[in-house]
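A closer look at the structure
Below, each chain spelled out in residue letters.
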Amino acid sequence: MEIIPFHRPFIGKEEEEAVLRVLRSGWLTTGKETLAFEEEFRDFLLRENGKTIPAPPHHNLFCLAVNSATSGLHLALEALGTGPEDAVLLPSYTFTATAEIVRYLGAEAIFVDIAPDSYNMDPEELEKAVLRLRKTKDGEKAAGKPKAIIAVHIGGVPCNMPAINSIAQRYGLAVVEDSAHAFPARIIEDNRDKQILQANLAGMCSDIGVFSFYATKTITTGEGGMVVTGREDMVRRIEVMRSHGIDRSVWNRYTDTAASWYYEVVAPGFKYNLPDLLAAVGRVQLRRALELLTQRQIIAERYDRAFKNEGALIIPPPGGARHLYAIRLKEPERRDAFIESLRSQGIGTSVHFIPLHLMPYYRDRYSLKPEDLPQSYQRFRETVSLPIWPGMTETQIDRVIETVLRAFN
Ligand SMILES: *Cc1c(COP(=O)(O)O)cnc(C)c1O
């Protein structure tokens, strides 16, 4: 029996050649490949966004390559000045990286439930959570003052950014988009309020967006990420903190022929740079991004057509990057047996996600019960992600469809 894995990265000859080119060049770490990757990524976003100047505050657009989206999210919150007095609002329905970076900085993670019939954060619940934080009375253990919101585009389906941004504006909060799944994801035109949002792409609709190039993501460098921001005031800090807190520009200001040995450490920064070896792979993957998206869209359309009339299932919301194809079982009790039956027939699946408020660390730290975020808990119990990777053959797609349908008949 041929195994159909849950995921398989799409890597071709060009990626192999790019790695060899860098290996033979004598320069492996961050250098001109990484700079070129940043520039090409920026060109891609501007081109796909369809505007030369993105939305304010994106008067300019900066792309900073990092060694993972986790690093990028950490740098984003750090540059916003997040500290131990602060609270950061984010969905429970996400991967643990979204929350751990809040804790790295000593701030508290405030979990917000997802919207009914969605995998994304519910703006109404978000506003309630902000108001609850502001109302904490004296004597009560304060959960921190609201500082920032992390919007996660689950499966690459864009969050309701106009609603999230207007809440942020009302209460003076920063917004970071965890766009790990959302490269590239177009915001549906009639879904956006032009007053608040002028960008067309997920990751460009807030203060800072962060993309992931982890092995399973829509484009990959094995490990890697990209921080995207229009806020010039953030860029310098992110650049410095990405490389040990080393600031070379201090010296550059005083001399044209910068001494290559001189540097100043202005903060205990991190080691978060993306090496050329990986950036070279990213440059090739970036050129494939739209073709890979089309392939995922074709698979999703095939699945949609096959499953939309199956009464036991709910198909995923349309649009976006199609990073995941997560079906919902109307009878959650059957979920685990369903996964097992697919596994026994050689089909890999996954569950996105086990909500963070069920995880021992967060559950215990914040005394949370599963029902405290009822939609997240419910979605978790009913969801299964099916294989959706470019390179799947017609036969493989058909086999997934037949096996899924057979499980219910
Ligand atoms: C994968 C993922 C991340 C982290 O990405 P890395 O590049 O692996 O650090 C963050 N958030 C979400 C929602 C993810 O799925």
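Residues numbered from 1 in each chain as written. Predicted model: local features only at pLDDT ≥ 70, side-chain atom pairs only at ≥ 80, totals over all residues. Heavy atoms only, no water.

1. Quick notes on the pattern of salt bridges
Summed over all chains, the structure comprises 29 salt bridges. Between E127 and R170 there is a salt bridge whose closest N-O contact spans 2.5 Å. Of this pair, E127 sits in helix α5 (residues 123–135) while R170 sits in helix α6 (residues 161–171), and the two are 43 residues apart along the sequence. One salt bridge connects D398 with R302, and the closest N-O pair in it is separated by 2.4 Å. (Salt bridge = Lys/Arg side-chain N within 4 Å of Asp/Glu carboxyl O. Helix = DSSP H or I, 4+ residues; strand = E, 2+ residues; numbered from the N terminus.)

2. What to know about the site of the ligand
Not every one of the 16 residues close to the ligand is listed here, only the nearest: T70, D178, H181, S212 and K217. The side chain of D178 places a nitrogen or oxygen atom 2.7 Å from a nitrogen atom of the ligand. If the ligand stood free it would expose 380 Å²; the protein chains cover 93% of that surface. Elements with a minimum of two residues in the shell around the ligand: α3 (69–79) and α4 (97–104). Residue composition of the shell around the ligand, by class: 7 nonpolar, 7 polar and 2 charged. (Near = heavy atom within 4 Å. Polar contact = N/O pair within 3.5 Å; in protein donor to acceptor, adjacent residues only side chain to side chain. Areas by Shrake-Rupley, 256 points an atom, 1.4 Å probe, with all protein chains shown as cover. Nonpolar A, V, L, I, M, F, W, Y, C, P; charged D, E, K, R; others polar.)

3. Focus on a nonpolar patch on the surface
There is a patch of nonpolar side chains on the surface, built from L20, L23 and L28 and spanning about 250 Å² of accessible area. Among the structural elements, L23 can be located in helix α1 (residues 13–25). Judged by relative accessible area, which is 45%, L23 ranks as partly exposed. (Patch = residues over 30% accessible without salt bridge, like charges linked within 9 Å, V, L, I, M, F, W, Y side chains within 5 Å. Buried < 20%, exposed > 50% of the residue type's maximum accessible area, 1.4 Å probe, protein only.)

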